[in-house]
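# Structural overview
Chain by chain, the residues run as shown.
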Amino acid sequence: KEDNDKLRVEATKQLIKLSAIPNLIDSEELRILARCEDINISWYAAVVLGHLRDSAALSRMLHVLANNPRAGIRSIAAKILGIIGNPDCVPSLLKAMEDDSDRYVRINAACALSCFGKVEATSALLDTLKSITNAHPHTEIIKSMSRLSLQEALVEIVESRRIGWQRAAIELGNLAKSQEKYEPMVLQYLFDALVEPGHESTNEVIELLPELVDSGI
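Residues numbered from 1 in each chain as written. Predicted model: local features only at pLDDT ≥ 70, side-chain atom pairs only at ≥ 80, totals over all residues. Heavy atoms only, no water.

## Comments concerning the overall build of the protein
The helix and strand tally for the protein stands at 13 helices and 0 strands. Of the regular secondary structure in the protein, the N- to C-terminal order runs α-α-α-α-α-α-α-α-α-α-α-α-α. Sorting the 217 residues of the protein into buried and exposed places 43% on the buried side. Residue pairs at least 24 apart in sequence account for 54% of intrachain contacts in the protein once pairs closer than 6 positions are excluded. (Helix = DSSP H or I, 4+ residues; strand = E, 2+ residues; numbered from the N terminus. Buried < 20%, exposed > 50% of the residue type's maximum accessible area, 1.4 Å probe, protein only. Contact = heavy atoms within 4.5 Å.)

## Topic: the confidence of the model for the protein
In the predicted model, the protein carries a mean pLDDT of 85, and the fraction of residues at 70 or more is 89%. Mean pLDDT values for the elements of the protein range from 69 in helix α1 (residues 2–18) up to 96 in helix α6 (residues 90–99). (pLDDT = per-residue confidence, 0-100.)

## Quick notes on the pattern of salt bridges
This model, assessed by the stated rule, comprises 8 salt bridges. In this structure, R161 and D192 form a salt bridge, with 3.1 Å as the shortest nitrogen-oxygen distance. Placement of the pair is R161 in the loop between α10 (151–160) and α11 (165–179) and D192 in helix α12 (residues 184–194), with a sequence separation of 31 residues. By relative accessible area, R161 is classed as partly exposed at 38%. As a salt-bridge pair, R167 and E171 come within 2.9 Å of each other at their nearest N and O atoms. Linking R167 with E171, this pair stays in helix α11, spanning 4 residues, or about one helical turn. Of the two residues examined, R167 and E171, each falls in the buried class. Among the charged side chains, a salt-bridge network with shared partners connects E28, R31 and D54. (Salt bridge = Lys/Arg side-chain N within 4 Å of Asp/Glu carboxyl O.)

## Regarding the nonpolar core
With 63 residues, the main nonpolar core has M61, L65, L93, L125, I141, M145 and L190 as its most contacted residues. Not counting the four nearest positions on each side in its chain, L93 is found in contact with L65, A78, L81, A109, A112, L113 and F116. (Core = buried A, V, L, I, M, F, W, Y, C linked by side-chain atoms within 4.5 Å.)

## Observations concerning α11
For α11, with 15 residues, the first-to-last C-alpha span of 21 Å sits near the 21 Å given by 1.5 Å per residue. Across the 15 residues that make up α11, a large majority, 11, are buried. Positive phi shows up at E180, right after α11, with a value of about 50 degrees. (Expected span 1.5 Å × (residues − 1).)

## Some points on the packing of aromatic side chains
For the structure shown, the criterion picks out 0 aromatic pairs. Directly above the aromatic system of W165 lies the positively charged group of R161, at a separation of 4.0 Å from the ring centroid. (Phe/Tyr/Trp six-rings, centres within 6.5 Å; stacked < 30°, edge-to-face > 60°. Lys NZ or Arg CZ within 6 Å of the ring centre and 35° of its normal.)

## As for the environment of I132
Along the chain, the position of I132 falls in the loop between α8 (122–131) and α9 (135–147). Distance from I132 to I163, taken between C-alpha atoms, is 9.7 Å for residues 31 residues apart in sequence.

## Comments concerning the environment of G50
Mapping G50 onto the fold places it in helix α3 (residues 39–51). Taking the C-alpha atoms as reference points, G50 and R60, separated by 10 residues in sequence, lie 9.7 Å from one another. If we skip the residues at most four places from it in the chain, G50 touches A57, I80, I83 and I84.

## A closer look at the packing of α6 against helix α7 (residues 103–114)
Look at α6 against α7: their axes get within 8 Å of each other, and the N-to-C directions meet at 145 degrees. Note on packing geometry: the crossing formed by α6 with α7 is left-handed. Judged by residue contacts, V90, L93, L94, A96 and M97 of α6 engage R106, A109, A110, A112 and L113 from α7. Taken together, the residues that form the contact of α6 with α7 break down as 9 nonpolar, no polar and 1 charged. (Axes fitted to C-alpha atoms, helices over the stretch in contact; angles between N-to-C directions. Left-handed = near helix turned anticlockwise from the far one by under 90°. Nonpolar A, V, L, I, M, F, W, Y, C, P; charged D, E, K, R; others polar.)

Laid out in structure tokens, this is it:
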């Protein structure tokens, strides 16, 4: 059983990666698996469907978010609801952000709410950013701040060189690009991020800088 679970997890990871390629995965096959009586098979199928933004996963994720006793599973459900992007899930995400007993479920619910432009998530994101040290949650929170156009908070992260400041610099660059707003300091932040060795966002900085320079931003 343990080997089967490991295989399912690995298969799910690979399918999630492949989900970024349009029309590569057969959603209908996944919908059939999502109705399977084996709860493990149906769950992993629903997870992949969620990454495909398939509404067939919506009811399952809402049920899991509200009822599953495992915080890690609820946290995944909250994240996937943000990916699916159906506004019907907003009330459930708001409730999870405010009431769930687990910190990371609340974080993922707030990040998911940012996908809908819900400013109600702002204070939760800012408060959480101050109190966590794990790099990955910082990345997700910073991306969520960018969706809500929280530029002052992003600038503070870069200026203080907190964990994730390179990601914050990139998101400021993306905002400047989308808003066609000239901000000399944003270019400086990106140059600073470029010379910082060993961070995973270096390629994004390299791609973004010429675009901003060429567009006159």
